Amino acid sequence: MDIKDTKKIVILVDAYSSGNDVAPEFNKKGYECAHIQSREDIPAKLLNSYRGDDFFISLQYTGDEILNQLQEYDVIAVIAGCETGIELADHLAELLDLPGNDTGTSRSRRNKYLMQECLKNSAINHIPTHRLTTLNDATQYATELFKKYRKLVLKPVDSAGTDSVFVCKTVEEVEAHSGDLFKKSNQLNLKNEVIILQPFIEGEEYVVDTVSYQGRHKICAIWKMGKGSYNGADSICEFTELTSFDAQNHAQLKDYIFSCLDALGITFGAAHSELFLTKDGWTLIETGARPHGAGFPALSSLALKRTQIDELVLSVCSTEAFLEAVAEEYKPLNYLKIKELISFSAGTIKAVKHVDTIAGLPSYKKSNLPDVDQEIKLTTDVYSSPGWIALSHRCADQLNADYQYIVGLESKGMFEVYEQ
């Protein structure tokens, strides 16, 4: 019997951005997907990433009665596609008595202050974090922290990516950026009523992608991040590189990240964790209880046996097989490095230079470049990067040589824009 005949379906909540590659993989397995939008004011940038053809129905959440429209179906899972869908996905899974994460701790998986408090309360290495709701808070805590730390990080409590992340070196900078943040909303259309202040963490930055089921976790990908300061902004991503560690260091990372997932109440689904390897060991920056975004799971197929999305689908559709695979050794098959492009100008694209040359590099695999007549911005955060280039090869030296060649082209200017 065809799987579709059983009317088993998967609900995706806010299948935008990081979530827009999930439904096609369930579709390939024969399951249909229903889409639920968590709220009306989803940012246009997220809405524009929606792929309606992947779903047999799309609904706007206005209350739990929305599930009446799906009562003839057998829902097998509820999955959060991106940050805005995390809390509603928890709620609907609980309502349908399906595997999911505890609704009692949902806010801790969105609120970066509560996230660090969870680690603190579980005696896990964490970042001292202060919650600011007024400019007086900003002045008080900044003055206190600068007695011990040279630089501080200021950011919204519930944003995504590098949205409005500021590295501050003086109390005056903290006050100025705090004042600006309190007056506006973040990229998820959430007003910055609360922001957080933390010490700047020194170390190498990594991202760990996982999938969990019944409280058992599996590492799907480990990425090393390269960041720098450009165009007057800090923490601009230069590259994301798939990596691995020797047995001892991998075990240490595994123990730490799994402890963090447990402390945050993540027992089900995909998670995307950003952390630093410091002189004092691993330190979590934040975890998103959703898949890695920007198409990275799909790109990881260039170097991995199964991607994070593959593992997520396996956990839902073939749970026993997933639980057996949890013990598999994590080992990339090839080297993989994504060059995150940086624009040093803003305007309408007249020409993208060196396209053919880059496509001819031995390690070149894929790219996402802006089109002629497309508007680009000065790169100041993850949202204003004009694109990326994916490199993969069996030889690390070849890959790194190609990467450095692209960096050289970029420094001379890859994007020609019309004069304003």
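Above this text is the structure in question.
Owing to the predicted nature of the structure, the values given are computational and were not obtained by experimental measurement.

A. Highlighting the sheet that holds strand β8 (residues 195–199). Strand order in the open sheet formed by four strands is β5-β8-β6-β7, and the pairing between neighbours is antiparallel. Here the strands that pair on one side only, and so sit at the sheet edges, are β5 (130–132) and β7 (166–168). Direction aside, the axes of adjacent strands within the sheet are offset by 30° on average. Across the sheet, helix α5 (residues 135–145) is in contact with β5, β6 (152–156) and β8; its angle to β5 comes to roughly 155°.

B. Highlighting the nonpolar core. One finds Ile 11 and Val 78 to be the most contacted residues of the largest nonpolar core, which totals 56 residues. When residues of this core are assigned to their parent elements, the largest contribution, seven residues, is made by helix α7 (residues 247–263). Among residues more than four places away in sequence, those in contact with Ile 11 are Ala 34, Ile 36, Leu 67, Leu 70, Val 75, Ala 77, Val 78, Ile 79 and Leu 96. Ranked by size, the runner-up nonpolar core spans 25 residues in total, among them Val 10, Cys 33, Tyr 213 and Val 313.

C. Spotlight on unusual backbone geometry. Positive phi, close to 55°, is recorded for Gln 214, a residue that is not glycine. On the secondary structure map, Gln 214 appears in the loop between β9 (204–213) and β10 (216–230). Gln 214 sits in the exposed class, given a relative accessible area of 59%.

D. Structural detail: the pattern of salt bridges. Scanning the entire structure with this criterion turns up 22 salt bridges. Note that Lys 305 is salt-bridged to Glu 328, the shortest N-O span being 4.0 Å. Here Glu 328 lies in the loop between α10 (319–325) and β14 (335–340) and Lys 305 lies in the loop between α8 (296–299) and α9 (308–317), a separation of 23 residues in the sequence. Taking relative accessible area as the criterion, Glu 328 reaches 36% and is therefore assigned partly exposed. One connected set of salt bridges, linked through shared partners, spans Lys 218, Lys 305, Arg 306, Glu 311 and Glu 328.

E. Summary view of the packing of aromatic side chains. Applying the stated criterion across every chain, the model contains 10 aromatic pairs. Taking 5.2 Å as the distance between ring centres and 85° as the angle between the ring planes, the aromatic pair formed by Trp 223 and Phe 296 counts as edge-to-face. Remark: Phe 296 occurs in helix α8 and Trp 223 occurs in strand β10; sequence separation between them is 73 residues. Judged on exposure class, the residue Trp 223 and its partner Phe 296 are both buried.

F. Quick look at empty space enclosed by the protein. Tallied over the full model, the rule gives three cavities of 30 Å³ or more. Taken together, 16 residues line the largest cavity, and the ones lying closest to its centre are Ile 79, Ala 80, Asn 101, Phe 268 and Ala 289. Sorting the residues of the lining of the largest cavity by element identifies β4 (74–80), α3 (86–95) and β12 (269–278) as the ones contributing at least two each. Examining the composition of the lining of the largest cavity, we find that four residues originate from one element, α3, more than from any other. Split into classes, the residues belonging to the lining of the largest cavity amount to 11 nonpolar, three polar and two charged.

G. Structural context of the sheet that holds strand β17 (residues 375–376). The sheet built from three strands is open, its strands ordered β17-β15-β19 with antiparallel pairing. Looking at the sheet topology across the chains shown, the edges are occupied by β17 and β19 (415–417).

H. Broad picture of the packing of α5 against helix α6 (residues 171–182). Two numbers describe how α5 lies on α6: the axes approach to 9 Å, and their chain directions differ by 150°. Regarding the angle of α5 to α6, the classification is roughly antiparallel. The two elements α5 and α6 meet at a crossing, and its hand is right-handed. Across the interface between the two elements, Leu 135, Ala 138, Thr 139, Ala 142 and Thr 143 from α5 touch Val 171, Val 174, Glu 175, Ser 178, Gly 179 and Phe 182 from α6. Considering only residue class, the contact of α5 with α6 consists of six nonpolar, four polar and one charged.

Cut-off values and rules
Residues numbered from 1 in each chain as written. Predicted model: local features only at pLDDT ≥ 70, side-chain atom pairs only at ≥ 80, totals over all residues. Heavy atoms only, no water. Pairing = 2+ DSSP bridges. Helix = DSSP H or I, 4+ residues; strand = E, 2+ residues; numbered from the N terminus. Axes fitted to C-alpha atoms, helices over the stretch in contact; angles between N-to-C directions. Contact = heavy atoms within 4.5 Å. Core = buried A, V, L, I, M, F, W, Y, C linked by side-chain atoms within 4.5 Å. Buried < 20%, exposed > 50% of the residue type's maximum accessible area, 1.4 Å probe, protein only. Salt bridge = Lys/Arg side-chain N within 4 Å of Asp/Glu carboxyl O. Phe/Tyr/Trp six-rings, centres within 6.5 Å; stacked < 30°, edge-to-face > 60°. 1 Å grid on protein atoms, 1.4 Å probe; cavity = no way out; pocket = protein on both sides within 12 Å on 5 of 7 lines; lining within 4 Å. Points joined across faces, edges and corners; volume = space filled by probe spheres on them. Nonpolar A, V, L, I, M, F, W, Y, C, P; charged D, E, K, R; others polar. Parallel < 35°, antiparallel > 145°, perpendicular 65-115°, else oblique. Left-handed = near helix turned anticlockwise from the far one by under 90°.

None of this, on its own, says anything about what the molecule does.
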